[in-house]
Amino acid sequence: VLSIMTIFNKKKKSNQGITIEPYELDPDICVLSLEECLQFATSTQNIIHFTSPHRKQKDLRLDLQSYQLICKGRGPVSKLEVIQCEKIKEVRYATECFELVKYDDLQLELCITIKFKIPDTFLWGTFSFEAFDEVTAQKWAHTLRLLQHAQLHKIHPLREREIFINRFPYTQDNADGRGMEAKDLKVFLCNMCNYKIDTGDLNGIMEELGLEESSPIELDHLRQIYDKLTYDNQIISNYFDKETIKKDGKDDTVHYPVFSDGALSHEHLSDFVQSDHPELSGAGIISRYGSNGTLSPNQFIDFLYSDDNSIFERSTKVEDIMDSPMCHYWISSSHNTFLTGNQIKSKSSVEAYAQALLNGCKCVELDLWERQGTIMILHGYTFTSMVPADDVLAVINMYAFKVSPYPLILSIENHLGASMQEEFAKLLEKHFKDKLLTAPLNDDGILPSPVMLMNKILIKDKKRTKDELEQSHYNQDVVKSGEIYFEFHSSDWTKRMVFMTTDFLYYSYATQDSDDTTSIASFSHDFRESPRITELHHTEAWYWGTVDPQAAIHYITEYIRKMKSKEATVKLTGDFAIRPSSQFTGENVLLFIDTNNSIKKIKIKSKSENGHPRYSIEEYLNAPTFDSLYTLVKHYQRIPFSVKGVPLILRNPIEEPRNFEKEIWFHYDASLEDSERRLAGVKCDGAFLVREQPDNNFRLVFRCAGTIKQCRLRQDGRLWIIGKSHFEGLTKLIEYYKKNPLYSTKNNQQIKLTEPVQQIPVDHTMPTYFPLDSSYIRPEDIKCQKPQDSYVADSDYKGKNDDEMTFLEGAILKNVERDHRHLGWCIGDYGPRKRKFIPFKLLIPYEWEDEESKENPLGNMCAGMIQLSNSVPHIHQVSNDPHKPHFISIRCEGKEEYRLGFDHYETMVSWYKAMTTQKKEKQKSLKKSKQNQTYAKLIIYAQSKPAPTEMTDEYLAHINYKEMHSFDENKFLSYTKKPSYLNLIKYTNTCLARVYPKGTRTASSNFDPLPSWNYGMQLVALNFQTPDKPMQLNFGKFNLCNGGCGYVRKPEEMISGQFDPSKDTFPNSVALFITIISGRMLFSEMGNLPKVRIFLEGLSCDPGENTTDPARDSMAPFWNARLGLLCLNPDMAMIRFEVTDSNDFGDERFIGHCTFPLKMLKTGYRSVPLYDGYGDRISLASLLVYVDKEKLKPDDPNRELARIRKEILQLNEYLSDLEAPSEHDFKRLTTIENNYFHLKDRIAHQILDDTTRYPNTDSFGVSSPDVPANGKGTLSRGKTYVRISMRRKKPPLPPRNRTVSSYT
């Protein structure tokens, strides 16, 4: 019986906000056993479901087979709504349900709210209901809490598979739990796994199982199909087919499992466990996964993929010493916690605080502003919504210590006057009571420990004396802001966010209104949504879309003529097609060629039986009926039907006419180079064409933000597919994306198809990378954005000729320009070398900002700006567009006219006055006020203070341990480059310090937290709503370690002050050899191929990565790729497995990750569990790897390689600052570079020759150092690609003497 703490809080509706009081469950209900709870929940219960703004009676029950809550309305056509139990994040009962206050006549003691995870969404979904009596409500509350508590324990992997299969019926709207058809299986795999299976492959599997096309698929059949798709025999044949192998070049023998008669012997399993899995037992594995005392190959594979065999062990309890000063710990911290999206326009929510605290966050941020006499929390000078501070504090009080009792810090950004500060102090005391720290615990010159501050809430803010004035310089440069309509370049009116300062008017890309509602109703619809076309016949070549009857006859006549012209004796009898009837909806017409080569047609009737369609040939009174057109055709391809007494069998399908060939946008057999040239002279984004390649592949090529993008168009029979969208024809696809966005850029620019490009003769003397027409302004040419002329090297490269650049991974190359004469190459500068050739595929854009962009309130969401000092605005009261009756026209010198549209005349006048009356110089207001002393007394151990210009020894001698500094990411990095950089670590051994994102991260992207952690910064504030790589590192550091309590102790070397993050010599350096064997259930984008990257994240000397090639499958991909990494300081390093694929536009798409500290890594055959970007486990998704780890010897050549690499980078940086480097300097640099690459090659050959260190080395080899074969290679360490997987990371470099075809 599972026990659970029943700690509840009571909330009262009040004009003053939310107050919290204890609430207890009835003790008679609390002692219900698990069996009693399940018996109650599995019987259907009547509830009242809250669907804003209505309430509806529905039935709710727990289905144990599929492990879901099933809710269904009482109407005849009501759809099911489901909540997967493992996705339940929180259960609120009674007065905890603060989100239900908006409903009138509510009895909170009868109410329950379930918060559950929605895939790829930050805010959790909500399902709220009301029971009819208090006993039923408390039973539901207790049962749901037990289910939530059960998620903390591992679900048996075989049970997890059964749950996945048993959910199959609930993917259909008419789910009844009975067998399904083949078409439903395709929908299931598409929706649940993102897996697309061809009809032919599906039929092949069904034939193996002895099923006909029309046979129903029972759950037992589905289990067999699942096994066919997910079990890979290559794992056994490649890795477990030998009884003994040599390992690490030693004489000892390692026993691996041997399967005899399809079963695994207990003896060999025990030897396997003892050698690689000492924490497990062979008997335990067999009892958990086997049957009859043995393991079958599939059962053994289940164990290998299971969490029991995880590559790390997640910490479930606090393991660090927690009685050191708080400054000795890294603390999980959030930035602008209240936001649910970007920093400009997203919604603010109290739920964001609840989620952050439940995810272990121990420092949340509150931006305080006064609005109409009320303290509100919002992001100032933006379009974000606001939430009352009173409600936020109530929620913080409810969740502050649910995860762990260690102290919570409230980081306050204070924009309140003295009187409102006193009001805020009263709110703090009202909600937190004795939890609020109001006085120092001691005064012995050091910060108290987390243990001393357990269950305490600390306030972080500036603190001033009684008479000291607050001098807060916050930027008042934003004069006016709003969402208004824009029109320029003769384009349509588009809604944009606009900020006006004293000098400029900044505008964003076109915005679209979106609904961020995350109710269960919307989630359930998305969860069960099938592809738009589900019937099997829609994918068949013989089924035509809507075609005019006469046109169909004409096309088949032409088909007969063409076939006869190729071969006069060809037999066309039985060739056929089916088209929808033009007279009767739901009926179809069979068109076929008879024995006289005449075209005949027969109606295919459809009728409904028990709510399901049945099809039959009209001419026969006793003709059999079929459940689909697909099964009808399959039947008559085997069994003849009679045409005027002559038997006839359907033979070859006649494919649908390619009507799109007459469209001006269709370009047959055009290369990408031709497409680029044809799009060169078109001004607008969205200009497009469709090109067909000789292998019947189609690409949609279009203009996007001054560049050329191409999208793969996939075909499934006669269907055209982009992502998960299906279209019955290429023309319909094009028409759809003329009205709807096709592509969204990183800056949220929405691209629709606009102007089709005609097929014209191509001048092959034109440059491949075309200069754009001067009248077209590209986004990168807009004044507010710096051209992307700086790039970071993605790998090492040694120039083959004198005119080619030599550089190492991580080098910043400047003044980079694409070379129009040599495809795939560019020209740039690095160090003392200027204007050298660089392979463009080895570069990635360098993210930076100049002084001008720092003042841009829209940051990277800015599409452009208008300089007001060089423009003249004019008012127009009536426009040609009735929807924009008033507009302001602005004409800039030498540029087109801009128009700002308004719905109301008064709004237009206010903007016009703001443009014409502002001074044309930047101003900042100085606000002076006294700080309220009642509030100031609450600021004790986190007193914010401006940081000095430099962290000198003299400054450190006079610091106050109660004070702390906050840095934005750029300011922090500037400190690390100063001579006194080590004083940062010394400072953080006494005081707290916080680092937060720079202001231009308006899209809520995150910065790399590793440098901040490496220099001892305790509070590295990240945007929890963004599931990017920094948040994944944060998840691995805090959620998987130290019991997920939000505090992680720094290493002793850092605490002692002896740590230097810039050095590259450490005694415990290791080499990692990881074989990526295979994967399971990777949920890849349909039709795309997954690949695996391994990242080593840590000190500046450690980061490196290695990548596999794409696999051929996503349900059970097999790589068999050996990768290598070198780690100089394992104590500070994290390892990150990332699985990605590419979407139809060629952009990389994230699938899942696993990130954790390297010290937790286990060796041997291990499973890598995959998590989504928000840190939630992806059901069934995992990798199978083999891990080998070796400690580097003091004379290991990799240490020398690291030293030389550091010397090269420093020398390049030094020489780049010289006006005219000497010839001696160039020779010295060239000599060191040659030594580096020579040593790198020597290490590669040394590892390749040492084949005794690895199991199964017979499948690995090498052909040459430059183009190695699939096998082992050198280590990837420190910004250096030295690969053990000898598959090439990128395509070979293009020759520089070719211009005939573009390089992609």
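Visitor: Mind showing me how you'd approach the packing of helix 12 (residues 350-358) against helix 13 (residues 389-399) here?
Guide: The geometry of a pair of packed helices is captured by two quantities: the angle between their axes and the separation between those axes. At their nearest, the axes of helix 12 and helix 13 sit 9 Å apart, and the two run at 20° to each other. As far as their axial angle goes, helix 13 and helix 12 are roughly parallel. Helix 13 is crossed by helix 12, and the crossing has right-handed handedness. On the side of helix 12, the interface is formed by Val350, Tyr353, Ala354, Leu357 and Leu358, while helix 13 contributes Asp391, Val392, Val395, Ile396 and Tyr399. Residue composition of the contact of helix 12 with helix 13, grouped by class: nine nonpolar, no polar and one charged.

Visitor: I would appreciate a short explanation of the sheet that holds strand 45 (residues 886-892) in the present structure.
Guide: In a beta sheet, neighbouring strands are held together by backbone hydrogen bonds and run either parallel or antiparallel to one another. The strand order 43-23-22-21-46-45-44 describes an open sheet built from seven strands, whose pairing is antiparallel. Among the strands making up the open sheet, the edge pair consists of strand 43 (862-867) and strand 44 (871-876). Looking at each pair of strands side by side, their axes are set apart by 35° on average, direction ignored. Direction of pairing for strand 21 (residues 478-487) relative to strand 22 (residues 494-501): antiparallel, over a ladder of eight bridges. Residue pairing across strands places serine 481 opposite phenylalanine 499, the latter belonging to strand 22. On top of the sheet, helix 21 (residues 905-917) reaches strand 21, strand 22, strand 23 (504-508), strand 44, strand 45 and strand 46 (897-902); it is set at about 25° to strand 45, its chief contact.

Visitor: Mind showing me how you'd approach the state of the cysteines here?
Guide: Note: disulfide means a covalent bond formed between the sulfur atoms of two cysteine side chains. Using the criterion set out here, one finds zero disulfides in the structure. You can see cysteine 111 has no disulfide; the closest cysteine sulfur is in cysteine 97, sitting 6.0 Å from it.

Visitor: When you look at the pattern of salt bridges in this model, what are you seeing that I'm missing?
Guide: Pairing between side chains of opposite charge can happen when their charged atoms approach one another. Applying the stated criterion to the full structure yields 49 salt bridges. Arginine 74 is the partner of aspartate 59 in a salt bridge, and the nearest nitrogen-oxygen pair spans 3.2 Å. With aspartate 59 in strand 4 (residues 54-63) and arginine 74 in the loop between strand 5 (68-73) and strand 6 (80-84), the pair connects residues that are 15 residues apart, well separated along the chain. A residue is classified by how much of its surface remains accessible, and aspartate 59, at 26% relative accessible area, is partly exposed. One salt bridge connects glutamate 692 with arginine 658, and the closest N-O pair in it is separated by 2.7 Å. Of this pair, glutamate 692 sits in strand 31 (residues 688-692) while arginine 658 sits in the loop between strand 29 (646-648) and strand 30 (666-668), placing them 34 residues apart in sequence. A single salt-bridge network, built from bridges that share partners, covers Lys1091, Arg1093, Glu1105, Arg1136, Glu1138 and Glu1148.

Visitor: Could you clarify how one ought to interpret the packing of helix 9 (residues 266-276) against helix 10 (residues 282-289) in this entry?
Guide: As a packed pair, helix 9 and helix 10 sit with axes 8 Å apart at the nearest point and diverge in direction by 115°. Every residue of helix 10 that contacts helix 9 at His266, Leu269, Ser270 and Val273 is listed here: Gly282, Ala283, Ile285 and Ile286. Across the contact of helix 9 with helix 10, the residue classes break down as five nonpolar, three polar and no charged.

Visitor: When you look at unusual backbone geometry in this model, what are you seeing that I'm missing?
Guide: Residues other than glycine seldom take positive phi values, yet tyrosine 67 does so here, at roughly 55°. Structurally, tyrosine 67 is set in the loop between strand 4 and strand 5. Unusually for a residue other than glycine, serine 1004 sits at a positive phi of about 65°. By secondary structure assignment, the location of serine 1004 is in the loop between strand 50 (993-996) and helix 26 (1010-1014).

Visitor: Looking at this structure, how should I read the sheet that holds strand 42 (residues 843-845)?
Guide: One open sheet holds the five strands; their spatial order is 41-40-39-38-42, and the pairing between them is antiparallel. Either end of the sheet is taken by a strand with one partner, and the two such strands are strand 41 (833-839) and strand 42. Averaged over all pairs of adjacent strands, the angle between strand axes in this sheet comes to 45°, irrespective of strand direction. Bridge analysis of strand 38 (residues 791-793) against strand 39 (residues 812-818) gives two bridges, and the strand direction is antiparallel. By the bridge assignment for strand 39, tyrosine 791 is matched with leucine 813.

Visitor: Looking at this structure, how should I read helix 18 (residues 672-679)?
Guide: Because an α-helix completes one turn every 3.6 residues, residues spaced three or four positions apart along the sequence face the same direction. Along helix 18, eight of the eight residues are buried, which leaves the element largely enclosed by surrounding structure. Buried-residue contacts for helix 18 involve strand 30, strand 31, strand 32 (698-704) and strand 33 (707-716). Between the side-chain oxygen of the N-cap and the backbone nitrogen of aspartate 674 there are 3.1 Å, and the N-cap of helix 18 in question is serine 671.

Visitor: Help me understand the confidence of the model for the protein chain in this model?
Guide: Low-confidence regions, as indicated by low pLDDT, have predicted coordinates that should not be scrutinised in detail. For the protein chain, per-residue confidence averages 78 on the pLDDT scale, and 80% of positions sit at 70 or higher. Note that residues 1-25 has pLDDT below 50 and, in this model, 71 contacts with residues that lie over four places away or in other chains.

Visitor: Is there a simple way to explain the environment of arginine 223 in this structure?
Guide: Relative to the assigned elements, arginine 223 resides in helix 7 (residues 219-230). Classification of arginine 223 as partly exposed rests on a relative accessible area of 22%. The spacing of arginine 223 and isoleucine 165 is 58 residues in sequence and 6.9 Å in space, taken between C-alpha atoms. In contact with arginine 223, not counting residues within four places along its chain, are Glu162, Ile165 and Asn166.

Visitor: Please explain the nonpolar core as it appears in this structure.
Guide: Soluble globular proteins: nonpolar side chains tend toward being buried together. Of all hydrophobic cores here, the largest spans 141 residues; its most connected members are Leu366, Ile396, Leu410, Leu428, Phe1137 and Phe1156. Residue contributions to this core peak at seven residues, all from helix 13. Other than its neighbours up to four places away in sequence, phenylalanine 1156 contacts Ile311, Phe312, Gly1036, Leu1040, Met1134, Ile1135, Phe1137 and Leu1161. One finds Leu60, Tyr67, Phe127 and Ala137 within the second-largest nonpolar core, a separate group that totals 27 residues.

Visitor: Sorry if this is basic, but what is going on with the environment of glutamate 422 here?
Guide: Tracing the sequence through the fold places glutamate 422 in helix 14 (residues 418-432). On a C-alpha basis, the gap between glutamate 422 and asparagine 932 in space is 6.0 Å, while along the polypeptide they are 510 residues apart. For glutamate 422, the residues in contact, after removing those within four places along its chain, are Asn932 and Thr934.

Visitor: How do you make sense of helix 14 when you look at a structure like this?
Guide: Spanning 15 residues, helix 14 covers 21 Å between terminal C-alpha atoms, matching the ideal 21 Å at 1.5 Å per step. For helix 14, the complete set of buried residues consists of Met420, Gln421, Phe424, Ala425, Leu427, Leu428, His431 and Phe432. Buried residues along helix 14 cover an arc of 160° about the axis, so they all sit on one side. Positive phi appears at lysine 433, one or two residues downstream of helix 14, with a value of about 50°.

Visitor: What should I look at first to understand the packing of aromatic side chains in this one?
Guide: The relation between two aromatic rings is expressed through the spacing of the ring centres and the mutual angle of the planes. Throughout the structure, instances matching the rule amount to 45 aromatic pairs. Between phenylalanine 122 and tyrosine 1174, the aromatic rings sit 6.2 Å apart at their centres with planes inclined by 40°, giving tilted as the arrangement. Here tyrosine 1174 lies in the loop between strand 59 (1164-1171) and strand 60 (1177-1191) and phenylalanine 122 lies in the loop between strand 8 (111-116) and strand 9 (125-130), a separation of 1052 residues in the sequence. An aromatic cluster of at least three residues, connected via ring pairs, comprises Phe40, Phe127, Phe129 and Trp140. When the ring centre of tryptophan 1013 is taken as reference, the NZ or CZ atom of lysine 1037 above it lies at 4.9 Å. Stacked on the ring of tyrosine 231, the Lys or Arg arginine 1080 has its end atom at 4.8 Å from the ring centre.

Visitor: Looking at this model, I keep getting lost on the pairing of strand 31. Mind explaining?
Guide: Looking along a regular strand, one sees side chains alternate from face to face of the sheet. Burial of strand 31 is extensive: five of the five residues sit out of reach of the surface. The two faces of strand 31 match: Phe688, Val690 and Glu692 on one face and Leu689 and Arg691 on the other face are all buried. Taken together, strand 30, helix 18 and strand 31 form a β-α-β motif whose crossover is right-handed.

Visitor: Would you mind showing me how to read the pairing of strand 26 (residues 599-609) here?
Guide: Pairing of strand 25 (residues 588-593) with strand 26, which is carried by six bridges, proceeds in the antiparallel orientation. If you follow isoleucine 593 over to strand 26, its bridge partner there is isoleucine 599. Between strand 25 and strand 26, which follow one another and run antiparallel, lie five residues, and asparagine 597 among them has a positive phi close to 60°. Where strand 26 lies against strand 27 (residues 612-617), six bridges are found, and the strand directions are antiparallel. Bridge assignment links serine 608 to a residue of strand 27, and that residue is proline 613.

Here is what the cut-offs are and how they apply
Residues numbered from 1 in each chain as written. Predicted model: local features only at pLDDT ≥ 70, side-chain atom pairs only at ≥ 80, totals over all residues. Heavy atoms only, no water. Axes fitted to C-alpha atoms, helices over the stretch in contact; angles between N-to-C directions. Helix = DSSP H or I, 4+ residues; strand = E, 2+ residues; numbered from the N terminus. Parallel < 35°, antiparallel > 145°, perpendicular 65-115°, else oblique. Left-handed = near helix turned anticlockwise from the far one by under 90°. Contact = heavy atoms within 4.5 Å. Nonpolar A, V, L, I, M, F, W, Y, C, P; charged D, E, K, R; others polar. Pairing = 2+ DSSP bridges. Disulfide = S-S within 2.5 Å. Salt bridge = Lys/Arg side-chain N within 4 Å of Asp/Glu carboxyl O. Buried < 20%, exposed > 50% of the residue type's maximum accessible area, 1.4 Å probe, protein only. Polar contact = N/O pair within 3.5 Å; in protein donor to acceptor, adjacent residues only side chain to side chain. pLDDT = per-residue confidence, 0-100. Core = buried A, V, L, I, M, F, W, Y, C linked by side-chain atoms within 4.5 Å. Expected span 1.5 Å × (residues − 1). Arc of directions from axis to C-beta. Phe/Tyr/Trp six-rings, centres within 6.5 Å; stacked < 30°, edge-to-face > 60°. Lys NZ or Arg CZ within 6 Å of the ring centre and 35° of its normal. Right-handed = clockwise from strand over helix to strand, strands pointing away.

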